[in-house]
Amino acid sequence: MNSKKVLVTGGSGFIGSHTAVELINKGYEVIIADDLSNSRQEVIEAIYKITGVRPAFEHIDLCDREKTKALFKKYNPESVIHFAAKKMVGESVENPLDYYRTNLVSLMNVIDFAIEKDCKNFVFSSSCTVYGQPDVLPVSENSPRKEAESPYGNTKKISEDILSDVVKTGALKVISLRYFNPVGAHDSALIGEYPLGVPGNLMPILTQSAIGKRGAFYVFGNDYNTPDGSCIRDYIHVVDVAVAHVAALDRLFQKEQIASMEFFNLGTGVGVSVLEMIHCFEKVNKLKLNYSVAPRRPGDVEKVWADTSFANRVLGWKAEKILSKWLQVHGPGSKIWQVK
Ligand code: WQD
């Protein structure tokens, strides 16, 4: 069993909290640092209920250099999984400076003090948005990173470049995990995707509309060059994403040195459209969702899904919960972009 200490920044958030559960289950000692700008401290208790272990929690703004320094001094972690960042594509188009400041300053503070404390193992939360609109699908880690379609995607590209240059100095070993679209919740339903305020992502908007917490929602565009006109994404279950983080951290601890920064796609390898996701949700839950079609959302790419063979081979990780298998059985005439 590991007894290694890992600082999970943004760890009370959607992916961070699910990853904290998997880390604890693998014997890691988890410290959660979060500014609670898009999550709730109650999540810590939920993690305790699920695992029987209450992770240390620090309410902190990682853009505050002195507080970040004190955090590393207090806990002396041996590794970091850095989730803390703003992550909504649409919101970043409206507030670019807020995204650049928050996502980049916090990252550089965390890097600085990880280096200072010789905390060499660093997993970075990246995103398929670094690929922009790929020319070739499925998109692999060797696919060119294209012009980001949003300031959010650009902060992820810049963050990867910062980390890559730091790795060249030998100061850190870094694995960057490029998520596609994480959705779902832990089986206990004690943790899930429950952002503060108005969600920006499809699934929390859809689920909150379904339970009457908010009214009708929009499908942003049905005039894309896709079979049903709506955008295609690779929706991956959040627990699969969480398990991949543990595999990445295990790899960093096992490898004395990794010559350069490693990148892995975390997806299922299958693209599903917005309308398919809606129809799937309606069929599973035997209900009709209240939505209408609106114009395209600035910053959206038309279609993207992952080639996951590198993560399958090198991390020994594969997504287990594949929506398309469900859609092929239950979907209403679903056209699946099964890429293999
Ligand atoms: C998905 C699709 C929208 C809301 C996300 C994360 C980002 C990154 C990539 C991890 C799009 C459509 C949405 C709505 C809609 N993941 N939509 N109506 O933009 O792909 O980015 O995955 O890092 O962090 O934000 O996700 O859920 O916002 O949109 O029609 O009310 O759903 O147009 O086609 P996106 P999303």
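Conventions used here
Residues numbered from 1 in each chain as written. Predicted model: local features only at pLDDT ≥ 70, side-chain atom pairs only at ≥ 80, totals over all residues. Heavy atoms only, no water. Near = heavy atom within 4 Å. Polar contact = N/O pair within 3.5 Å; in protein donor to acceptor, adjacent residues only side chain to side chain. Areas by Shrake-Rupley, 256 points an atom, 1.4 Å probe, with all protein chains shown as cover. Helix = DSSP H or I, 4+ residues; strand = E, 2+ residues; numbered from the N terminus. Pairing = 2+ DSSP bridges. Axes fitted to C-alpha atoms, helices over the stretch in contact; angles between N-to-C directions. Contact = heavy atoms within 4.5 Å. pLDDT = per-residue confidence, 0-100. Phe/Tyr/Trp six-rings, centres within 6.5 Å; stacked < 30°, edge-to-face > 60°. Buried < 20%, exposed > 50% of the residue type's maximum accessible area, 1.4 Å probe, protein only. Lys NZ or Arg CZ within 6 Å of the ring centre and 35° of its normal.

1. Considering the site of the ligand
The environment of the ligand is formed by 21 residues, the closest being Tyr-152, Leu-202, Tyr-218, Arg-233 and Asp-300. Between the ligand and the protein, one listed contact pairs a nitrogen atom with a backbone N or O atom of Phe-180 at 3.1 Å. Asp-300 has a polar side-chain atom sitting 2.6 Å from an oxygen atom of the ligand. Here the ligand has 680 Å² of accessible area as a free molecule, and 95% of this is covered by the chains. Of all the elements in the fold, those that place two or more residues in the shell around the ligand are β5 (121-127), α7 (202-210) and β8 (217-220). Looking at the shell around the ligand, the element that brings in the most residues is β8, giving three residues.

2. Thoughts on the sheet that holds strand β4 (residues 79-82)
Spatially, seven strands are ordered β3-β2-β1-β4-β5-β6-β11 in an open sheet, and the strand pairing comes out parallel. Whereas interior strands pair on both sides, the edge strands pair on one side only; in this sheet they are β3 (56-59) and β11 (262-266). Strand-to-strand, the axes of this sheet are offset by a mean angle of 20°, without reference to chain direction. Relative to β4, strand β1 (residues 5-9) is paired through four bridges, and the arrangement is parallel. Bridge pairing in β4 links Val-6 to Ser-79. Contacts from helix α6 (residues 151-168) reach β5, β6 (173-179) and β11 within the one sheet, and its direction differs from that of β5 by about 155°.

3. Some thoughts on the confidence of the model for the protein chain
With 94% of its residues at a pLDDT of 70 or more, the protein chain has an overall mean of 92. Across residues 332-340 the pLDDT falls below 50, and counting only partners more than four positions away or on other chains, this stretch makes 25 contacts in the model.

4. Notes on the packing of aromatic side chains
Taken as a whole and assessed by the stated rule, the structure comprises three aromatic pairs. For the ring pair Tyr-28 and Phe-253, a centre distance of 5.9 Å and an interplane angle of 40° mean the geometry is tilted. With Tyr-28 in the loop between α1 (14-25) and β2 (29-34) and Phe-253 in helix α8 (residues 238-254), this pair connects stretches of sequence that are 225 residues apart. With respect to class, Tyr-28 is no different from Phe-253; both count as buried. Here the basic side chain of Arg-54 rests over the ring of Tyr-48, its NZ or CZ set 4.0 Å away from the ring centre. Here Arg-296 stacks its cationic end above the ring of Tyr-224, 4.0 Å away from the centre of that ring.

5. Notes on the pairing of β4
Burial along β4 is two-sided: the face carrying Ser-79 and Ile-81 and the face carrying Val-80 and His-82 are both buried. Across four bridges, β4 lies against β5 in parallel orientation. Across the sheet, residue Val-80 finds its bridge partner in β5, namely Phe-122.

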